[in-house]
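# Per-entry structural report
Each chain, letter by letter, is given below.
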Amino acid sequence: MNAEQVPAPETTRVRRWLVALVAAVCRFPLAVLVLSLGLCGLSAYAAATKLRYHTQRNDLISPHKEYQQRWQKYVNEFGDDDDIVVVVRGDDRARMRDALEAVADRLKERPQLFDRIFYKVDLQALRNRALLFLPTDDVRTIRHHLEGMGSLLDPLPQVTGIGPFHMSAKPDGTPITWECLSLQTLLAEATVRVPSVEAAKPLSADDEQFFRQLLAVSRSAKETLVDKDNYQNPWGSLIRRPGNQKDMLAEPQYFFNGDGSGEVLAFLLVRPVKEKGSFTAALQSVEALRAIVAATRADYPGIEFGLTGMPVLETDEMAAADHDTRLASWLAIALVGLLFFVVYRGIYYPILTMATLLVGTAWAMGWLTLTVGHLNILSATFAVMLIGMGDYGVLWVMRYEQARRFGADVRTALLHTTAHVAVGNLTAASTLALAFFAAIFADFQAVAELGWIAGCGVLLCAFACFTVLPATLMLLDRRKIALAVGAEVSVLAMRSAPMNETPTQWLPTLAKRPGLVLAAGALLLAVLGVSAFWVPYDHNLLHLQAGNLESVKWELILIEGTKGASWHALSYRDTPEEALALKAEYEKLPEVSMVIEAATLVPSDQDAKVAMMADIQRRLRNLPARGKSIRHLRPDLDQLEIDLAELIRTLEPLQSVPPSDLLADLRRALVDLRGQLHDTTPASVATERLAYFDQKLASDLSENLHRLREVSTPGHVTVDDLPPAFRERYISPGGKFLLRVFARDPKEWPENWYAGRGKDCSKECLWDFDPLEHFTQRVHSVDPEATGKPFGTVEGLKAMKGGLQRAGVYAFFVIALVLLIDFRCWRKTLLALAPLVVGVVFTLGIMGLCGFPLNPANMIAFPLILGVGVDNGVHVLHDYLLRRAEKRTTISYAIGRGVLVKALTTMIGFGTLMISTERGLVGLGFILMLGVGCSMLTALVLLPALLHVLDRRERAGERDEMVEERLAA
């Protein structure tokens, strides 16, 4: 038989080129196969040795984006701050601190895996200079108070007199004035001060401070007379702190949440040392830390330990994605092979088809290594996609086997298959590849890279069908098949005679009722078209994570336990003063819970404070020995009664002196003290308790002053004095001061923050898009140069959604253009697009009915559905046009079965993604499988019915024209 006897049907330039290509392959099959397998091996070697993996979410975004450039400037200044978070949960803070210390000690033994451990801030080395951290006026006030204690603090070698007491220095040098510091001397001092108070004028600062102190002393004395155990230190700290702020310099400060009651969380942050070029760069560090946590957990029963943080989430995500995509790839190969075995009823064609597909995939791996050089979490799924999308050998071998059974030899069957199938395959591959290439313009780097890689992969898989598959058939198909008609069969004979198709129609029952099929389809389209508008969009990335991962569970615990503080923005300034000014602006925002920075620890105005601290140290040089009992003269109850009575009398007309409440409160306290003095009997008990009170009064003041002397050592605080772990995180090598701006829980924001958004956002968390976007906008209103993960996440989510939407639009117009070039007719182009459009509407409608949301992971499904789904209509329409030329208008059974099998292989390839533990991949696989299935059904059911109706009308029109012509004749 001579294959060149008659040219292929409807010869076009593209068809002639494809026939010429396959003819050349048939002439040199061994050379083509050797060259193909050589390229396959070279590609696999290049991918194994040169292909890199980008594992961070930042790698999904173009480095040219403005927000990404701000982030890169921060990283260049401060270094990567992707920390693993060790979370400790319990109700015993002391044991939790010990547990953190144990984990930290074990981490320090593995410097090759862990860097920059941060779980406490120990500022005890700065405590001797604590006065530097007070405002200059406060330090000046403290010094002024000490000036008023001159007779108490300075040694008195000569005899002096204050009131009725005579004081002199003791033999050991201790000033005797400490022994005379008592309730009675303070009352005597008050009787001296009160007459100088003018009724019409406010108290002087010194008098106000003295009377406030006397008020506290009087109240404490009254309670001590009731019971010695009721004594309370009346001397307030000379170092004033705002609110309930504790002494941060007294002991190491660990990182706890909550108010200390009930179950709390404690945290340790550590930066992993990442392995360059690895798909899971932090895997070794994460696994080592899990082993450390397991060992520590055994030593601290009753305390829970967990790991989370972006490196752990990304590592678990990448490891799960790697495992799941590998498993999905092998499962897809197995299931597609099984499908082929069932369809072909043997293993020859399944092995051949799968081998061709794997060769094309291997070429694609080499090409992506050469052109892109890396994979990210999104593009890593392309191999599974190719297994589902690149099976162009299905229609090829079905048509080839049909020709062979008709009696054609291998070469003629291959050329016949090329003439009938290759153009459809090329159109389908081109539209799918161009749909992927349209993603390059999506303004989102990860989508653009996936578009390039998968688009090229589709073309290479199609090219393998034009080269590897024919070469393999030429070499391996040695079957001798008897001719069905005569001794010689030509392409013309194969074209004009039916090939004994059984059955002769595709879906014969439906083909007989096209009107009913179209009516049912229109009704279904109307219902699902309405529900398509109900499909929501979910930006929350946590909803894409594998819910069974420990890192995800602990991240959710962290979100709940920190009430928004798991997200923070970053700003930095050149000087401490600028950083503190920026902090003050941030603290005005209701969306900000706290701002952590190091600028506070480098005090301002240090020269003036150091000079005053030196004077304070000088004044406190002669304090009584610490802890030594200070003996007092026994109280004189009669004199005390006289002093109280006189003081109460003289305070009577002064109760309205500003601040008016002070002297009124003091008088009431003195009246209560006098009354309690009368009620305490016998007198010896009152004397004993007042003696005890006087001794505690002096010793407590002495202790307070000792503490003041401890924190007033003259000396400057510099950046080098800060703890290294803290300094590395908050002060860059270039001297920039960092501010971490932590978000408040959105539930605590002003109620009107979500106004104008068209929904109630008050129940959302910061992982939801609206509150996170609002937080970044508010931060930017203070500092336009602020950066951090919230900005990258918000901008990345917007870019991904917008990019995929644009990619879908680009893909649709590119597909329409390719179909127009192929069919050279708008009507035929619209017919080929109809199953695709209806299939997409069906897909969205089913999602709307099921409440299945779109999200950043599955949005990419729709450009893919456009590219894959159009194949079905293209093949059906090409077959219809060819068979119409052959005077047969029913869809070919071989093409119908081929489209069905190809769609099923695609659905299997995508459907295997649903075995993934990651909910994002599960959703992607589900939508792709649903979309391809809907497109396939519309192409095989609705399109043939539509073509049948249109053909019947056209033939009826032709008959009417013939009748009119005859009547006219």
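Residues numbered from 1 in each chain as written. Predicted model: local features only at pLDDT ≥ 70, side-chain atom pairs only at ≥ 80, totals over all residues. Heavy atoms only, no water.

## Let's talk about the overall build of the protein chain
The criterion, for reference: Only DSSP runs of H or I reaching four residues or more are called helices, and only runs of E reaching two or more are called strands; each is numbered from the N terminus. The classification of residues rests on relative accessible area computed with a 1.4 Å probe and restricted to protein chains. Under 20% of the type maximum is buried, over 50% is exposed, and intermediate values are partly exposed. In what follows, a contact means two residues having at least one pair of non-hydrogen atoms within 4.5 Å. Here the open area of atoms and residues is found with the Shrake-Rupley method and a 1.4 Å probe, where only the protein chains shown may cover a residue.
Across its full length, the protein chain carries 31 helices and 13 strands. Buried residues in the protein chain amount to 54% of all 969 residues. Pairs at least 24 residues apart make up 81% of the contacts formed inside the protein chain by residues separated by at least 6 positions. Total accessible area computed for the protein chain in this model is approximately 42,700 Å², and 58% of it derives from carbon and sulfur atoms.

## Let's talk about the environment of R668
Inspection of the secondary structure puts R668 in helix 23 (residues 660-679). The exposure class assigned to R668 is partly exposed, which follows from its relative accessible area of 46%. Sequence separation of R668 and L651 is 17 residues, and the distance between their C-alpha atoms is 10.0 Å.

## Re the pattern of salt bridges
Keep this limit in mind: Each reported salt bridge corresponds to a side-chain nitrogen of Lys or Arg within 4 Å of a carboxyl oxygen of Asp or Glu.
One pass over the structure, following the stated rule, counts 39 salt bridges. The shortest N-O distance in the salt bridge between R271 and D115 comes to 2.3 Å. With a gap of 156 residues between them, R271 in strand 8 (residues 264-272) and D115 in strand 3 (residues 114-118) connect regions that are remote in the sequence. For R271, a relative accessible area of 17% puts it in the buried group. The partner of E703 in a salt bridge is R707, and the shortest N-O contact between them spans 3.3 Å. Of this pair, E703 and R707 both sit in helix 24 (residues 683-710), four residues apart, which is roughly one turn of that helix. Assessed through its relative accessible area of 22%, E703 is described here as partly exposed. Taken together, the shared-partner salt bridges in this structure form one network comprising R127, R626, E703, R707 and E710.

## Here's the deal with the nonpolar core
Defined as follows: For the purposes of this section, nonpolar cores are sets of buried Ala, Val, Leu, Ile, Met, Phe, Trp, Tyr and Cys residues that join through side-chain atoms within 4.5 Å.
By size, the foremost hydrophobic cluster in this structure holds 116 residues, and its most contacted members are W178, L183, F211, Y586, L705 and L708. For this core, the element with the most residues is helix 24, which contributes eight residues. Look past the residues within four positions of Y586 in its chain and what remains in contact with it is S571, V592, V595, V741, V779, V782, D783 and A786. L414, A422, M474 and L940 belong to the second largest nonpolar core, which has 109 residues in total.

## Focus on the pairing of strand 8
For clarity, the threshold we go by: For two strands to be treated as a pair, DSSP must find no fewer than two bridges joining them.
Counting buried residues in strand 8 gives nine out of nine residues, a clear majority hidden from the surface. Of the two faces of strand 8, the one lined by V264, A266, L268, V270 and P272 and the one lined by L265, F267, L269 and R271 are each fully buried. The pairing of strand 2 (residues 84-90) with strand 8 spans seven bridges and is classified as antiparallel. Bridge assignment links V85 to a residue of strand 8, and that residue is L269. As defined by bridge partners, strand 3 adjoins strand 8 across three bridges and the pair is classed as antiparallel. Its bridge partner being in strand 8, F118 is matched across the sheet by L269.

## Considerations on helix 10 (residues 310-344)
Selection criterion: Working rule for helices: expected span equals 1.5 Å times residues minus one.
Counted at 1.5 Å a residue, the expected span for helix 10 with its 35 residues is 51 Å, and the 48 Å between its end C-alpha atoms agrees. Positive backbone phi, approximately 60 degrees, marks R345, located one or two places after helix 10.

## What about helix 28 (residues 826-850)?
End to end, helix 28 covers 36 Å across 25 residues, agreeing with the expected 36 Å (1.5 Å per residue, within 8%). Phi turns positive, to about 70 degrees, at G851, one or two residues after helix 28.

## A few points about the sheet that holds strand 11 (residues 568-573)
Quick note on the threshold: Only the stretch in contact is used when fitting a helix axis, every axis being a line fitted to C-alpha atoms; angles between N-to-C directions are given from 0 to 180 degrees.
Overall, antiparallel pairing links the three strands, which are arranged 11-13-12 in an open sheet. Of all the strands in the sheet, just strand 11 and strand 12 (592-597) have a single pairing partner and so form its edges. When strand polarity is set aside, the average angle formed by the axes of neighbouring strands in this sheet is 20 degrees. Sheet topology places strand 11 next to strand 13 (residues 737-743); six bridges connect them, and they run antiparallel. Residue L570 lies in a different strand from strand 13, and its bridge partner there is R740. Contacting strand 11 and strand 13, helix 3 (residues 66-78) crosses the sheet at an angle of about 65 degrees to strand 11. Against the sheet, helix 20 (residues 576-586) makes contact with strand 11, strand 12 and strand 13, and its axis sits at roughly 10 degrees relative to strand 13, the strand it touches most.

## Focus on a negative patch on the surface
Here is the rule: Patch building starts from residues that exceed 30% relative accessible area and form no salt bridge, then joins like charges within 9 Å and nonpolar side chains (Val, Leu, Ile, Met, Phe, Trp, Tyr) within 5 Å. The positive count covers Lys and Arg only, the negative count covers Asp and Glu only, and His and the chain ends enter neither. In this description, the location of a charge corresponds to atom NZ of lysine, CZ of arginine, CG of aspartate or CD of glutamate.
A cluster of acidic residues, D91, D92, D98 and E263, forms a negative patch on the protein surface. Position of D91 relative to the elements: it lies in the loop between strand 2 and helix 4 (93-108). Classification of D91 by relative accessible area gives exposed; the value is 65%.

## A closer look at unusual backbone geometry
A cis amide bond links T681 with the next residue in sequence, P682, at an omega value of -10 degrees. Of note, P682 is situated in the loop between helix 23 and helix 24. The backbone phi angle of D605 is positive, close to 55 degrees, even though this residue is not glycine. Positionally, D605 belongs in the loop between strand 12 and helix 21 (606-619). Backbone geometry at R824 places phi at a positive 55 degrees, although glycine is not the residue there.

## Observations concerning a nonpolar patch on the surface
Taken together, the side chains of L327, L331, L335, L338, F341, V342, I347, I351 and I915 make up a nonpolar region of the molecular surface, amounting to roughly 780 Å² of accessible area. Tallying contributions element by element places helix 10 first for the nonpolar patch, with six residues. Of note, I347 is situated in the loop between helix 10 and helix 11 (348-371). For I347, a relative accessible area of 55% gives the class exposed.

## Re the pairing of strand 2
When you tally the buried positions in strand 2, you get seven out of seven residues, the bulk of the element. Of the two faces of strand 2, the one carrying I84, V86, V88 and G90 and the one carrying V85, V87 and R89 are both buried. Bridge count between strand 2 and strand 9 (residues 304-308): five bridges; the pairing is antiparallel. Bridging across to strand 9, V87 finds its partner in G306.

## What to know about the sheet that holds strand 8
The strand order 3-8-2-9 describes an open sheet built from four strands, whose pairing is antiparallel. What marks the edges here is a single partner per strand, and that holds for strand 3 and strand 9. Each strand axis lies, on average, 25 degrees off the axis of its neighbour in the sheet, ignoring direction. On the sheet, helix 4 packs against strand 2, strand 3, strand 8 and strand 9 and is oriented at approximately 10 degrees with respect to strand 8. On the sheet, helix 19 (residues 550-562) packs against strand 2, strand 8 and strand 9 and is oriented at approximately 100 degrees with respect to strand 9.

## A look at the packing of helix 1 (residues 13-27) against helix 14 (residues 410-438)
The cut-off we apply is this: Angles below 35 degrees are treated as roughly parallel, those above 145 as roughly antiparallel, those between 65 and 115 as roughly perpendicular, and all remaining angles as oblique. Here is the rule for handedness: rotate from the far helix to the near one, and if that takes an anticlockwise turn smaller than a right angle the crossing is left-handed, while a clockwise turn gives right-handed. When residues are sorted by character, Ala, Val, Leu, Ile, Met, Phe, Trp, Tyr, Cys and Pro go into the nonpolar class, Asp, Glu, Lys and Arg into the charged class, and all the rest, Gly among them, into the polar class.
Closest axis-to-axis distance for the helix 1/helix 14 pair is 9 Å, and the angle between their directions is 140 degrees. Relative to helix 14, helix 1 is oriented oblique. Here the hand of the crossing between helix 1 and helix 14 comes out right-handed. Only R411, L414, L415, T418, A419, A422, V423 and L426 of helix 14 make contact with helix 1, whose side of the interface consists of V14, R15, L18, V19, V22, A23, C26 and R27. Looking at the contact of helix 1 with helix 14, its residues break down into 12 nonpolar, one polar and three charged.

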